[in-house]
Amino acid sequence: MSLSFSEVVRILAEGKIPSPRLEARILFEYLELNQFAPAEGDKEAQLRALLNKRLVHAPLDKILGKREFYKNTFAVSKDVLSPRPDTEILVEAAIDLTEKKIPQKILDLGTGSGCILLSILADCPRACGMAVDKSEAALAVAHHNAKALNLFNRITFVHADWFERDFVEHIGSGFDLVVSNPPYIPTADILTLEPEVRQFDPILALDGGKDGFEHYRRIAELTPHLLKQGGHILLEAGIGQASKIGEIFEHEGLHLIEIRPDLSGIERCVILKK
Ligand code: GLN
């Protein structure tokens, strides 16, 4: 038996996988196969195994264990939210604020794979950062990515939950910049998400509580204690959430500077200043 490129495209399309041709190309490249020659033997078995995982809607990045984000490749696992292109707008905004300044101290709340903080540090050689997560398994992935990108000496990893009372004492204050892509999906909506997200992204990284704003409210309470005077916080927002996030933080005394859209025109990044 053998398995040709066009058969792989057909199998993916019949399995209702979006962009079947692109995904077939990525699978062939991953296995170092040539699109013009069918896969045979061991390679064919490996290809079929990967296809079987994809056909139950495991996302390609989780199957391959890596994902491109901003300018780098990040290791991903079942324990971290897959980095999304939507989040790159937050990274760009953070780099605009950080690039030309004296050494900057950056805090990433809910770091997951580390893709936000590590992308900023990679572009801003004078900055250093702290990556916080409630999940030790996620921190291990961020740790791995920091080593792979040679950023390990500019980052501290902290295992902590921002709902704990002593959170600020635990992690410290005086940050120039806080970045966060917190969980923001209303609990009841999680079931309506596509299977790639609902079944393969960690629930911990998705569940924003009853109305989706539970984590923003807590982070807003903490932010005045974490930031230096004049420091900024950049938050990713879910669809339709940005202006309410602005209000939640203004209520805690921060000033709304800008709401930036992502590449699809969705208000995605909320920028506030202390
Ligand atoms: N962007 C993710 C989604 O909509 C959710 C991530 C989050 O809750 N921060 O699938």
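First, a word on what this report is: a plain description of the structure on this page.

The rules behind each value
- Residues numbered from 1 in each chain as written.
- Predicted model: local features only at pLDDT ≥ 70, side-chain atom pairs only at ≥ 80, totals over all residues.
- Heavy atoms only, no water.
- Helix = DSSP H or I, 4+ residues; strand = E, 2+ residues; numbered from the N terminus.
- Buried < 20%, exposed > 50% of the residue type's maximum accessible area, 1.4 Å probe, protein only.
- Phe/Tyr/Trp six-rings, centres within 6.5 Å; stacked < 30°, edge-to-face > 60°.
- Lys NZ or Arg CZ within 6 Å of the ring centre and 35° of its normal.
- Pairing = 2+ DSSP bridges.
- Axes fitted to C-alpha atoms, helices over the stretch in contact; angles between N-to-C directions.
- Parallel < 35°, antiparallel > 145°, perpendicular 65-115°, else oblique.
- Left-handed = near helix turned anticlockwise from the far one by under 90°.
- Contact = heavy atoms within 4.5 Å.
- Nonpolar A, V, L, I, M, F, W, Y, C, P; charged D, E, K, R; others polar.

The next thing to look at is unusual backbone geometry. Of note in the backbone geometry, Ser19 takes a positive phi value of approximately 50° without being a glycine. Along the chain, Ser19 falls in the loop between helix 1 (5-14) and helix 2 (20-30). Positive phi, normally seen in glycine, also occurs at His57, with a value near 70°. Assessed through its relative accessible area of 18%, His57 is described here as buried.

Bringing the packing of aromatic side chains into the picture now. Per the stated rule, a full pass over the model turns up four aromatic pairs. Seen in terms of ring centroids, Phe5 and Phe28 are 5.2 Å apart; in terms of plane orientation they differ by 85°. Their pairing is edge-to-face. One end of the pair, Phe5, is in helix 1; the other, Phe28, is in helix 2, and 23 residues separate them in sequence. You'll find Phe5 and Phe28 in the same group, each marked buried. Here the aromatic rings of Phe213 and Tyr216 are separated by 6.1 Å at their centres, their planes lie at 50°, and the arrangement is tilted. For Phe213, a relative accessible area of 9% gives the class buried. Judged by relative accessible area, Tyr216 falls into the buried class, the value being 0%. Taking the ring centre of Phe152 as reference, the NZ or CZ of Lys147 above it sits at 4.7 Å. In this structure, Lys244 packs its charged tip against the face of Phe213, placed 4.6 Å from the ring centre.

What follows covers the pairing of strand 4 (residues 72-75). Of the two faces of strand 4, the one lined by Asn72 and Phe74 is fully buried and the one lined by Thr73 and Ala75 carries no buried residue. Counting the residues in the hairpin turn of strand 3 (residues 66-69) and strand 4 gives two residues, including Tyr70, whose phi is positive at 50°.

Attention now goes to the packing of helix 1 against helix 3 (residues 41-55). Contact geometry of helix 1 with helix 3 gives a least axis separation of 10 Å together with a crossing angle of 20°. Compared by their axis directions, helix 1 and helix 3 come out roughly parallel. Like other packed secondary-structure pairs, helix 1 and helix 3 cross with a definite hand, here right-handed. Across the interface between the two elements, Val8, Ile11 and Leu12 from helix 1 touch Leu47, Leu51, Arg54 and Leu55 from helix 3. Its residues placed into classes, the contact of helix 1 with helix 3 shows six nonpolar, no polar and one charged.

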